[in-house]
Amino acid sequence: MKRYCQTLDLKDDPEGVKEYSYWHASDHIWPEIPAGIRAVGIENMEIYRLGTRLFMIVDVPDDFDWDASFAKLAKMDKQAEWEAFVGKYQKCEPGSSSSEKWRMMEQIFKLPEK
């Protein structure tokens, strides 16, 4: 299994941060979004928040092709609408794709095997 970690900043707006979290809760997220994520082969995705900083962990199979899978996801039902909807809370240019908003992080430490 491979793991990718990404970061994104939200706009400095406490009400917007609250709304962004609301729309990402399992009982409020549009059902097409997790369905599309699973359909492209993502096994697990988690987002954490500290203030306006988001941290996302994505677990995928070893043969997962990041660019091809996210290009496919971008064309799925409701995905473009979702990106525009959540984009109003994110510190990004209007119309940015997911890959333009979320920045890949570099792993600098991993606990050594015993």
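Below or above, wherever it landed, is the structure these notes cover.

Conventions used here
Residues numbered from 1 in each chain as written. Predicted model: local features only at pLDDT ≥ 70, side-chain atom pairs only at ≥ 80, totals over all residues. Heavy atoms only, no water. Helix = DSSP H or I, 4+ residues; strand = E, 2+ residues; numbered from the N terminus. Buried < 20%, exposed > 50% of the residue type's maximum accessible area, 1.4 Å probe, protein only. Contact = heavy atoms within 4.5 Å. Pairing = 2+ DSSP bridges.

What follows deals with the overall build of the protein. Secondary structure assignment for the protein yields five helices and four strands. Listed by position from the N terminus, the elements making up the protein come as β-α-α-β-β-α-α-α-β. On the principal axes, the C-alpha backbone points of the protein span a range of 45 × 30 × 30 Å. Expressed as a percentage of the 114 residues in the protein, the buried residues total 33%. Restricting the contact set of the protein to residue pairs at least 6 apart, pairs at least 24 apart contribute 71%.

Here the focus is the pairing of strand β2 (residues 44–50). In regular strands, side chains alternate between the two faces of the sheet. Note: β2 against strand β3 (residues 53–60), seven bridges, orientation antiparallel. Bridge assignment links Tyr-48 to a residue of β3, and that residue is Phe-55. What sits between β2 and β3 in their antiparallel hairpin is a turn of two residues, with Gly-51 showing a positive phi close to 65 degrees.

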